[in-house]
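Chain and residue survey
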Amino acid sequence: MATPNITMDPITRIEGQLAVQAVAENGVITDAWAVSKLFRGIEVVLKGRAPEDAFYVTQRMCGVCPTSHGHASSMATEAVDPSFELPNGARIVRNILEGAEWLHSHIFHFYALAALDYVNPAKALQANIADTYALAMEQGIGTADFGAVQARLAKLVEGGDLSIFTNGWWGIDPVANPEEADELYNPDIPAELHLIGVSQYLQGLEMQAVAAQIISIIGGKFPMPMTSVAGGTAWMPRADKLDDCLFRLKEVTAFVDNHMIPFTLAIAPYYLNELTYGQGVKNFLSWGAFDRSTRRIEDRYLPGGFIKAADGLTNVNRPMVEHVTEDVSRSWYDQESGQRFTESETTIVTGSDFSQDLDGQYSWGKAPRYQRDPMEAGPLARVIVAYMDQASASNATVREAVDGALAVLGLDDPTILVSTLGRVAARNIETAVAAKWAAEWVDELVVELRTGRAEFWAPYNSSNGEGTGTWEAPRGGLAHHIKTSNGRITDYQLVTPSTWILSPRSDDGVRGPLEEALVGTPIRDIEKPIEAARVVRSFDP
Amino acid sequence: MGSEMTFYENLSQRGVSRRDFLKFCGSTAAVLGLSSTFVPTLASKIAGAAESGLTPAIWLSGGKCTGCLESTLQATYPNVADIVLDLLTLKYSAASMATGKYALDAKKKVYQGNKPFIMIYEGAIMEGENGSGYTMINADGTNSLDDLEAAASSDQCAAIIAMGQCAVDGGWVRAFPNPSGATGMSEYLSRRGIDVPVVNLAGCPASPEELTAVVVQALLLGSDGTLESGIAAVAADLDRLGRPKYLYNATIHDSCPRRGHFENGEFVYRYGSEEEAKNFCVYPMGCKGPQTYRRCPMIRWNDSQSWCVESGGVCIGCATWNWVDNNAPFAGRHRRVGAASSGPLAGWPLHGGGLHPIGTGAALTGVVAAALVAHGLGMKAAKRIGKNATLKTEEMKEYDAKRLKKQGGAN
């Protein structure tokens, strides 16, 4: 094994705690390791508790996507009772809630976490304000008070304190050495486009909060909403509250359509080289999200399906949790490796020094595999599956959105999305599609309420048995599995998006999706591996 | 006056009107328990401080879900809160900074520097086996405990804000069997012999309004305007759990908008029911509002949209000590603690309990009933259900309906 000469520890601007080690030779990464740095232990804590408590506790798995975790947990608890049927009203409320969660998370990720890899706030200072408006008009990007944004930036720089942008240039002082700093980005990007980017960055911080307000109206607060309890929803819709939701939904949708998407399409041409690397394992798994009334995963708005490169990217099959296994030989766990996820049991590790031994154990993450293969989860997986799944009722909608975006960039092959830039694009395309659907669900709920028979909760018996809940968190597929006996949880297992994406090597030494995606990434300067950081953040890890 | 002009100019550049700003000062004053006559003073203090140099802050984390940072980003008036938090210039936060050694350098610069700083800490302190760290092992062999110790024992560390229940006492992470050896900030520091003022912001998550209130108090409300005197003012105003009194001096139940229904014996027994549609009291659903000290009904969440009980959920007592162990089962009114003698959980302590109010009956234990009496609340409920009595849901419901009729109530 070559010794890693790139260490990114910690990787910042992500949700969790992650480090990456990589080997770069002749300017290209040839090997990489993803180190999940945080032990959670939620599965152990749940043992012996009441099944419905899992809804509250599992939300604390992730402060960015608690809505989805709680929801998947309630689905698992409900599935213990084979006769349980989710009331239609609750189905629609849960869809709206999840739609808002996705809008919140995707906007938050694109702006607060990812944008500064592509946008140079220091260069925005050189922008001509009139030209900025002209550029925005020409590109069809919604405008803002660009002058005020620039003045705010100038003030930060004058004061010698770049506040949230501090250290954004990998140790380069962007004021003293503006040209060197700009080489981290594409120097051809006009200062005006950078200013538009900074302006949207600030707007994005507000819009993620507006989307979160929808969750709060329905679920009481965000993070950690209280609504999707096992059996249905605790919230019962009222006309005025639905108005509040719809109003905010329209505000966020307008931002996505008029600002986020056109900006993405305007800056993408400067980073087209990122279409050539970061492909990863090219296997995709989506459990599907947003139930239609049949509540089958193949009927979901974004359908459940998996694709394996070896069978061709157009070949979609339906996933089953029985095929998910977890290898742990490279993780700091003591359990038997390769067990089925539904059968495994988390064992508390003992006697390790938890050092990053890249030849041995190096991660708190397990290595989940689907039929023995690593799978990419997340927006790209969902978009590819929906695009290729001709049986899906959403197929035309997704195709239209993807083809439309590609056409603007002068591209036509959808498989080009399987790349670093494509992953970012897929997330933003999905944001626009989900925003449109969310407004439809509010209408659907109004119709349901008008029947006068809308139900939001139904009893269930989760005392003895087992059940699985699968759903998609914004960043990828979620599976919760619960086993109960005499009204107590005897075992609880979950496979999260991070486990899929940040998987360490499997027992047979096959890299996880992020590790594989990093291989082949060109690195200009191993001291400032921004290209690798872009690959990492494209996964929203 | 000159400096104020600049400050308001700065505000308007950020799209914040003077009116918005005063509104913000008003709500902050309310959270701090100050009279509205104090609002102008607060406004001028903030304006003055924003002009006269920022206090550095670093945001560190242990075993966390990022929920408290997420929560902070949902601040009521994002722009204004931004400014108040700009009173603290955030020198390190994993959420906004560059990667790798550049991030670490920025952090070190603060605690090796010559200016007093405030540390905001999110997440549980995970000690693992024998203080091995158990998490966040850095490439250089140090771990998150080393990071914390280096920052906390710096001479410049003026105070630590333990943001959220995990940082306060370990939160859910330390719930039985506490697999990662999690603990809270005060406990950890006292064990390590590090003496720094700690302010606990309880709750899972803590809210931006709570954080803002403490920051304003520490930076602006000291007797002589210095950070030192401000922190002394905060420290003098803490309860025995190290939390600012003004944030945790009343129960959820005290100011719950559904309280009237509790007094009238109008309860929800099932989600999605007629009673829920009428916003009746969710006490029988397991609400921990009566024993949870926090001001959610007043401060509310996400720009004041709603809060847990208003949305139809129950209070799960996320701001109480060791909240998961002490409050589970969340859907039940009482705890059952025992050990399984056989079956798949043989030998495993049954913490929490497994009763769901629907179909299995809801009961008030003597302990909870006594607690209610002690708070001077719910005398009627206690009398109604009686000591150690177990009533089936349907019986409870019938009883309440009769009682309501007798009192000439609705329905």
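Residues numbered from 1 in each chain as written. Chains lettered and ligands numbered in written order. Predicted model: local features only at pLDDT ≥ 70, side-chain atom pairs only at ≥ 80, totals over all residues.

This brings us to the overall build of chain A. When its secondary structure is counted, chain A shows 15 helices and 11 strands. The globule rule puts the C-alpha radius of gyration for 541 residues at 24 Å, and the 23 Å found for chain A is close to it. The C-alpha extent of chain A, read off along each of the three principal axes, is 70 × 60 × 45 Å. By residue count, 64% of the 541 residues in chain A fall in the buried class. Considering only intrachain contacts with a sequence separation of at least 6, the fraction spanning at least 24 residues in chain A is 73%. (Helix = DSSP H or I, 4+ residues; strand = E, 2+ residues; numbered from the N terminus. Rg over C-alpha atoms; globule rule 2.2 N^0.38 Å. Buried ≥ 20, exposed ≤ 12 C-beta atoms within 10 Å, placed from the backbone. Contact = placed C-beta atoms within 7 Å.)

Residues and elements named next belong to chain B. Examined at the domain level, chain B breaks down into domain 1 (2–247) and domain 2 (253–406). Contacts between the two partners involve 16 residues from domain 1 and, on the opposite side, 16 residues from domain 2. For the side of domain 1 that touches domain 2, the class distribution of residues is eight nonpolar, five polar and three charged. (Domains from an automatic or database assignment. Nonpolar A, V, L, I, M, F, W, Y, C, P; charged D, E, K, R; others polar.)

Residues and elements named next belong to chain A. Reading across the sheet, the three strands line up as S1-S2-S3 and stay open at both edges, with antiparallel pairing between neighbours. Each edge of the open sheet is held by one strand with a lone partner, namely strand S1 (6–11) and strand S3 (28–36). Between one strand and the next, the sheet's axes are offset by a mean angle of 15°, whatever the strand orientation. Where strand S2 (residues 18–25) lies against S3, eight bridges are found, and the strand directions are antiparallel. Its bridge partner being in S3, Gln21 is matched across the sheet by Trp33. Docked against the sheet, helix H15 (residues 530–538) engages S1, S2 and S3, running at close to 45° with respect to S1. (Pairing = 2+ DSSP bridges. Axes fitted to C-alpha atoms, helices over the stretch in contact; angles between N-to-C directions.)

All names here are of chain A. Following both chains from N to C, one finds helix H4 (residues 88–114) and helix H8 (residues 191–219) inclined at 160°, their axes separated by 8 Å at the closest point. By the criterion of interaxial angle, the relationship of H4 to H8 is roughly antiparallel. At the point where H4 passes H8, the crossing takes the left-handed sense. Of H8, the residues touching H4 (which contributes Val93, Ile96, Leu97, Ala100, Glu101, Leu103, His104, Ile107, Phe108, Phe110, Tyr111 and Ala112) are Gln200, Tyr201, Gly204, Leu205, Met207, Gln208, Ala211, Ala212, Ile214, Ile215, Ile218 and Gly219. Of the residues belonging to the contact of H4 with H8, the class tally is 18 nonpolar, five polar and one charged. (Parallel < 35°, antiparallel > 145°, perpendicular 65-115°, else oblique. Left-handed = near helix turned anticlockwise from the far one by under 90°.)

Next up on the list: the packing of helix H3 (residues 66–79) of chain A against H4(A). Residues and elements named next belong to chain A. As a packed pair, H3 and H4 sit with axes 9 Å apart at the nearest point and diverge in direction by 145°. The segment H3 lies against H4, with Thr67, Ser68 and His71 engaging Arg94, Leu97, Glu98 and Glu101. Here the residues of the contact of H3 with H4 sort into one nonpolar, three polar and three charged.

Attention now moves to helix H11 (residues 395–408) of chain A. Residues and elements named next belong to chain A. The first and last C-alpha atoms of H11 sit 20 Å apart over 14 residues, in line with the 20 Å expected at 1.5 Å per residue. Turning to H11, its buried residues number three or more, namely Val398, Ala401, Val402 and Ala405. All buried residues of H11 lie within an arc of 90° about the axis, which places them on one face of the element. Of the exposed residues in H11, the ones pointing more than 90 degrees away from its buried face are Ala396, Glu400 and Ala407. Where H11 is buried, its residues contact helix H9 (239–267), helix H10 (379–388) and helix H12 (420–450). Remark: Gly410 follows H11 within two positions and exhibits a positive phi of approximately 75°. (Expected span 1.5 Å × (residues − 1). Arc of directions from axis to C-beta.)

Residue and element names in this part refer to chain A. Note on placement: Ala401 falls in helix H11. Classification of Ala401 as buried rests on a count of 22 C-beta atoms within 10 Å. With sequence-adjacent residues up to four places away left out, Ala401 is seen in contact with Ile429, Ala432 and Val433.

So, on to unusual backbone geometry. Going from Cys204(B) to Pro205(B), the amide bond is cis rather than trans, its omega being 0°. Residue Pro329(B) is bonded to the preceding Ala328(B) through a cis peptide linkage, with omega at 5°. Along the chain, Pro329(B) turns up in the loop between helix H15 (323–327) and strand S8 (338–339). At Trp170(A), a position not held by glycine, the phi torsion is positive, near 55°. With respect to the helices and strands, Trp170(A) occurs in the loop between helix H6 (146–158) and helix H7 (178–182). Phi angles above zero are rare outside glycine, and Asn486(A) is one such case at about 50°.

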